[in-house]
Amino acid sequence: MKKSNQAYHENFRKIALDGNEELTFRLKSTTDQITRMVQELDKWLDKSKCCSSREKSEILTALSEALANAIIHGNKNDPDKIVDLKIRRQGNQLQILVQDQGKGFAPQKLADPTKPENLRRKNGRGIYLMKIFMDDVKLQRTKKGMKVIMKKKLSAREK
């Protein structure tokens, strides 16, 4: 019997308390999960009407980069490894947490992708883009792997 490709919905939860919501996913470390989760968040942001189209585009780009880093670099595309994703909206703030099961890295040792010697590199821009598009980005090496916490203040919350 073929395994279901729907593992990205494993342990999905939605909690609504006083207008606050949280989505939680456990993802297989396969690159198709990036598109699926970006589409899922896109639909959720449209439905909640909590942000402008520009903010939505920035959030989706940051999520895509964080998931790509976790799946490709952190978990080395190993489908047996998991990426935990938590998206939380509290009032006018959105928080996204991405946790992989990789060895992690030292964020302070990342090369600056804007320096001339790094402009032609094929990688190294994902964290830079996350920091541009989100208001706050924290990178933490944990015993379980690398954790990225991104926050964005939202301007267009529906009343």
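Residues numbered from 1 in each chain as written. Predicted model: local features only at pLDDT ≥ 70, side-chain atom pairs only at ≥ 80, totals over all residues. Heavy atoms only, no water.

**Topic: the overall build of the protein chain**
Right, so step 1: Helices and strands together make up the secondary structure of the protein chain, namely 3 helices and 6 strands.
Right, so step 2: Within the protein chain, buried positions represent 39% of all 159 residues.
Right, so step 3: Considering only intrachain contacts with a sequence separation of at least 6, the fraction spanning at least 24 residues in the protein chain is 61%.
Right, so step 4: Carbon and sulfur atoms make up 49% of the accessible area of the protein chain, which totals about 9,700 Å². (Helix = DSSP H or I, 4+ residues; strand = E, 2+ residues; numbered from the N terminus. Buried < 20%, exposed > 50% of the residue type's maximum accessible area, 1.4 Å probe, protein only. Contact = heavy atoms within 4.5 Å. Areas by Shrake-Rupley, 256 points an atom, 1.4 Å probe, with all protein chains shown as cover.)

**Here we look at the side chain of E21**
Right, so step 1: Tracing the sequence through the fold places E21 in strand β2 (residues 20-28).
Right, so step 2: Within the structure, E21 has its side chain in polar contact with the side chain of W44 (distance 3.4 Å).
Right, so step 3: A distance of 2.7 Å separates a polar atom in the side chain of E21 from a polar atom in the side chain of R89. (Polar contact = N/O pair within 3.5 Å; in protein donor to acceptor, adjacent residues only side chain to side chain.)

**Describing the nonpolar core**
Right, so step 1: Core analysis: the biggest nonpolar cluster contains 35 residues, and L41, I59, L85, I87, I96, V98 and M150 have the highest contact counts within it.
Right, so step 2: Sorting elements by how many residues they give to this core places helix α2 (residues 53-74) first, with 9 residues.
Right, so step 3: Once residues within four sequence positions are removed from consideration, L85 is found in contact with L23, T24, F25, L27, M37, L63, I96, L97 and V98. (Core = buried A, V, L, I, M, F, W, Y, C linked by side-chain atoms within 4.5 Å.)

**Examining the side chain of N75**
Right, so step 1: Within the element layout of this structure, N75 appears in the loop between α2 and β3 (82-90).
Right, so step 2: The exposure class of N75 is buried, given its relative accessible area of 0%.
Right, so step 3: Of the polar contacts made by the side chain of N75, one reaches the backbone nitrogen of Q101; its length is 2.7 Å.
Right, so step 4: Apart from residues lying up to four places away in sequence, N75 is in contact with S29, A70, K81, I82, V83, D100, Q101 and G102.

**Examining the pattern of salt bridges**
Right, so step 1: Taken as a whole, this structure holds 9 salt bridges when the rule is applied.
Right, so step 2: Notably, a salt bridge pairs K56 with D42, separated by 2.6 Å at the nearest N-O pair. In this pair, K56 sits in helix α2 while D42 sits in helix α1 (residues 32-48), placing the two residues 14 residues apart along the sequence.
Right, so step 3: You can call K56 buried: its relative accessible area is 16%.
Right, so step 4: Owing to a relative accessible area of 24%, D42 belongs among the partly exposed residues under this scheme.
Right, so step 5: The salt bridge partner of D46 is K56, with a shortest N-O separation of 2.7 Å. (Salt bridge = Lys/Arg side-chain N within 4 Å of Asp/Glu carboxyl O.)

**Topic: the packing of α2 against helix α3 (residues 126-133)**
Right, so step 1: Remark: α2 packs on α3, axes separated minimally by 9 Å, with the N-to-C direction vectors making an angle of 150°. Between α2 and α3, the angle falls in the class roughly antiparallel. Between α2 and α3 lies a crossing whose hand is left-handed. Taken together, the residues of α3 that come into contact with α2 (itself represented by E58, T61, A62, E65, A66 and N69) are G126, I127, L129, M130 and F133.
Right, so step 2: When grouped by side-chain class, the residues that make up the contact of α2 with α3 number 6 nonpolar, 3 polar and 2 charged. (Axes fitted to C-alpha atoms, helices over the stretch in contact; angles between N-to-C directions. Parallel < 35°, antiparallel > 145°, perpendicular 65-115°, else oblique. Left-handed = near helix turned anticlockwise from the far one by under 90°. Nonpolar A, V, L, I, M, F, W, Y, C, P; charged D, E, K, R; others polar.)

**Details of the confidence of the model for the protein chain**
Right, so step 1: Chain-level statistics for the protein chain give a pLDDT mean of 86 and a share of 86% at 70 or above.
Right, so step 2: For the stretch residues 1-9, pLDDT sits under 50, and the model shows 17 contacts to residues farther than four places along the chain or on other chains. (pLDDT = per-residue confidence, 0-100.)

**Looking at unusual backbone geometry**
Right, so step 1: Even without a glycine there, the phi angle at K49 is positive, about 50°.
Right, so step 2: Structurally, K49 can be placed in the loop between α1 and α2.
Right, so step 3: Looking at K49, the relative accessible area reads 49%, which means it is partly exposed.
Right, so step 4: Although it is not a glycine, K76 adopts a positive phi angle of roughly 55°.

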